[in-house]
Amino acid sequence: MSPNKRFRDDLTLIDELDNEVEDLYITSRFPPLNDVSGIVFSKRIMVAGKKVDVLCSDFIGDEDRSFDKLINNFISEKFLLGGDFAPNTIPEINYFRKEGLKRLNESGKKYKTVVSRAWTIESHFLALDYKLQNPDVTWIAEFSDPIAYDMNRAFRGNKPYHLDDDFVKKLNELISNINKEQFGDNVDEYFPDVKSDEEVYYLVEYLPYLFADVVRYTNEIQCQVMLDMFPVDMREFVLKKTEVSVHPTLDSEFYFLKSSSYNVDPNYLNFAYFGTYVGKRHLEYLFKSFEELNDDVKSKIKLHMFVPNPDVLKLNINDLDMKDNIEIGKKLPFLEFLNLTTKIDVLIVNDTITEGAFDINPFLPSKVSDYLGSGNDIWYICEKNSCMDLKDGKYKSYVTDYESSRNMLEKIIHDKLGVDGIFDEVLDIEYYQNRLTNLNNVIHDLYGQRMYWFNQTQLYKGKTNDLNSSLKRIKPMESKYGSLVREIDAKDERIESLIKDCNSLIEDIHLKDNQISSLAVDASSKDDEISSLQKECDTLNDELRLKDEMISKLAAEVEDVKKEISTFKSQMESDYLEKNKLKNDYEDLHKLTNESFELVQIKEDIIEDKNKELQFYRNHGNLFDKVISNPLSQVYIFLTSGSERNLNRDLYNAIKDSDWFNVGFYLSENEDISRFKWVRLFSPYLHYVCHGFDEKRRPNREEKTDFTKKELLDKLLLLNENE
């Protein structure tokens, strides 16, 4: 065992840390969630090298269990907050603050330092609540990037945060004290009071600037840009308590805790890119440089790319000549990522493009700190004067300067392979800019769909909760309904018994009446007997009257019960109708999901057609078409068409002049024609006129071949005239 080894093979510490805890770390996103913000926060904890408590959200997403096990060595207690709210929303902030402060107070713990990190934003609000409750605690508020403004410098506002009146009053009293201490009696300078409906993204910067003991940034430019853009001039005040702390780089041992199973062939010069792949963080300049390499050098290179959206990237490189030299995978668990960086020859990191939005790029990719610990070369692809551009680096080029990427690739291949004269040609930049436009359109559509389904899911969750509440109301109602039914059945049985008793009494009365009538004939001798029978009849009449009263009372009770049952039945019918409505809403949602997936498939088909069409036009420029393809096509029609010679010639010319024929679709749909070498010399138009039409091949996605060539020619001539 190495004397410097700190961890066992199962990722537990060999020498456990002291359990005495002084620091609390607050963040929304934290392992096991595989999220950049949580990983950076975890690295700060591990570099500090002591146990802390962590309060975070139990966020559902891509999980990294191995890194979670590692960071747990440094955590004494983790306060997990649930909740089904979307991040960075007012309900989520309120829940995080209320439930978080409750859990901390219930624990009874007191901390020397509390550290909060944004992104996301709710952590700073809870840290402020804790600071106000515990004034002696040192609050460190860390900002990973500009918060109030996005990468396009668009304000993230339009989210007023309605604060409690007492809370606003307390904040403004503290702000007044700061103003007196900072400005004295100078009424022209002051920090403004907080209103009860301020923008939440204004507050998430303003309140830490005012009340945090330390404001931490990850680079100097980020600090400068955030303070310059903030609507209140607080530079002098904030800089007095500012700390700039770059993303931590872990010790080399962390890079070998968990070996990556990903295969890296040492016979190639291996480049690797780990990160997002969107319109403002693309690699088109890199693809162009690789495409211009000669075949011999291309065969010695592999580019490995690990991105959150591998399917989109695979679709976007499908038309590149070197697509077989590009390996695309999904985002890796963090420890496997660290290990893999030690096996790559050149690690690629690129700036987010902010030109036109920020004067200086304030965003520093966190991957830089991870790459630095790998021991391998880094290719920095920067914006001019960005945080990353200010770093020293052996290999550096610029995101919007395609030529600089070509020159740097040439230098890397010279250094690594000892090869010069590596390029075959210079390709048209416009082609790659068009590819980038297509990529942005696809990403925009996918993001729109993602947000639509996220909102639909939230709506469905709400309806599901309503349904569950209805079911909870129905269950005791069903139980009470059953009890009432049993009570009615018992009373019905009692009524039937009373009716039988009444019928029996009536029969006795009739019998006595008959006896009285018989005795009346001999009244003189039977007076005593008649009197006795009359008394018995009166007694029986009294009993009958009492029975009638009991029957009336029971009948009234039965009517009341029936009315209550009718009310419960109406309520149940209403709830069941609501349940059926929710079921229909879910079926409509399911139908919309299927339609959206069908729309995505159609768009992917259209993109594939356009890629085929672009590839065809790259190989058949206007000069080639005029000098070779078109004259030879006319000769081919003359030699092969026989009696249809004139018709085929006119049809060929009409198709070339019309947008009716879809070249990309025809090539995608009829891949078998590529085995005919003459197709490369001529064109899909000629193949369709001389062969495809008779073989019933479809010329585009809409048309069916249910017409004659003459009818088609008339149709195209009419279309061309209208155009």
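Calculation rules
- Residues numbered from 1 in each chain as written.
- Predicted model: local features only at pLDDT ≥ 70, side-chain atom pairs only at ≥ 80, totals over all residues.
- Heavy atoms only, no water.
- Patch = residues over 30% accessible without salt bridge, like charges linked within 9 Å, V, L, I, M, F, W, Y side chains within 5 Å.
- Areas by Shrake-Rupley, 256 points an atom, 1.4 Å probe, with all protein chains shown as cover.
- Salt bridge = Lys/Arg side-chain N within 4 Å of Asp/Glu carboxyl O.
- Helix = DSSP H or I, 4+ residues; strand = E, 2+ residues; numbered from the N terminus.
- Buried < 20%, exposed > 50% of the residue type's maximum accessible area, 1.4 Å probe, protein only.
- Pairing = 2+ DSSP bridges.
- Axes fitted to C-alpha atoms, helices over the stretch in contact; angles between N-to-C directions.
- Contact = heavy atoms within 4.5 Å.
- Polar contact = N/O pair within 3.5 Å; in protein donor to acceptor, adjacent residues only side chain to side chain.
- Core = buried A, V, L, I, M, F, W, Y, C linked by side-chain atoms within 4.5 Å.
- Phe/Tyr/Trp six-rings, centres within 6.5 Å; stacked < 30°, edge-to-face > 60°.
- Lys NZ or Arg CZ within 6 Å of the ring centre and 35° of its normal.

Draft legend 1. View of a nonpolar patch on the surface. On the surface, a nonpolar cluster with roughly 320 Å² of combined accessible area is contributed by Val 635, Phe 638 and Leu 639. Residue position: Val 635 is located in helix H17 (residues 622–640). Its relative accessible area of 44% is what places Val 635 among the partly exposed residues.

Draft legend 2. Main features of the sheet that holds strand E13 (residues 346–350). In spatial order, the strands read E12-E11-E10-E13-E14-E15; together these six strands make up an open sheet with parallel pairing. Every other strand in the sheet has two partners, leaving strand E12 (326–330) and strand E15 (395–398) as the edge strands with one partner each. On average, each strand axis in the sheet is inclined to that of its neighbour by 20°, with strand direction left out of account. Inspection of the sheet shows strand E10 (residues 269–274) paired to strand E11 (residues 301–307) by six bridges, in the parallel sense. If you follow Phe 271 over to E11, its bridge partner there is Leu 303. Seen against the sheet, helix H9 (residues 284–291) touches E10, E11, E12, E13 and strand E14 (377–382) and runs at an angle of roughly 160° to E11.

Draft legend 3. Just helix H7 (residues 220–229), in detail. The buried fraction of H7 amounts to seven of the ten residues, a majority that puts the element mostly inside the structure. Within H7 the residues assigned to the buried category are Ile 221, Gln 222, Cys 223, Val 225, Met 226, Leu 227 and Met 229. Looking at the packing, one finds that the buried side of H7 touches strand E5 (138–143), helix H6 (200–211), strand E8 (214–217), helix H8 (235–239) and strand E9 (242–244). One side-chain oxygen of the residue at the start of H7 lies 3.1 Å from the amide nitrogen of Ile 221, identifying that residue as Asn 219.

Draft legend 4. Broad picture of unusual backbone geometry. Along the chain, Pro 31 connects to Pro 32 via a cis peptide bond; the corresponding omega equals 20°. Of the consecutive residues Trp 119 and Thr 120, the connecting peptide bond is found in the cis state with omega at 5°. Mapped onto the fold, Thr 120 is located in the loop between strand E4 (113–118) and helix H4 (122–133). Although it is not a glycine, Arg 153 sits at a positive phi angle of roughly 65°. On the secondary structure map, Arg 153 appears in the loop between E5 and strand E6 (160–162). For Arg 153, a relative accessible area of 38% puts it in the partly exposed group. Backbone geometry at Lys 696 places phi at a positive 60°, although glycine is not the residue there. With respect to the helices and strands, the residue Lys 696 is situated in the loop between helix H21 (684–692) and helix H22 (709–722).

Draft legend 5. Representation of the nonpolar core within the structure. Judged by nonpolar contacts, the single largest core of 57 residues is most densely connected at Leu 55, Phe 191, Tyr 206, Tyr 209, Phe 211, Tyr 217 and Met 234. A per-element tally of this core places H6 first, with ten residues. With sequence-adjacent residues up to four places away left out, Phe 191 is seen in contact with Ile 175, Ile 178, Asn 179, Gln 182, Phe 183, Tyr 206, Leu 210, Val 232, Asp 233, Met 234 and Phe 237.

Draft legend 6. Region of the structure containing the packing of aromatic side chains. On inspection of all chains with the given rule, the structure shows 33 aromatic pairs. Ring geometry for Phe 693 and Phe 707: centres 6.1 Å apart, planes at 40°, overall tilted. Of this pair, Phe 693 sits in the loop between H21 and H22 while Phe 707 sits in the loop between H21 and H22, placing them 14 residues apart in sequence. Neither Phe 693 nor Phe 707 differs from the other in exposure class; each is buried. Taken together through their ring pairs, the aromatic side chains of Phe 67, Tyr 262, Phe 274, Phe 306, Phe 334, Phe 337 and Tyr 371 make up a single cluster. Residue placement shows Arg 645 over the ring face of Phe 638; its charged tip is 4.3 Å from the ring centre.

Keep in mind these numbers describe shape, not what the thing actually does.
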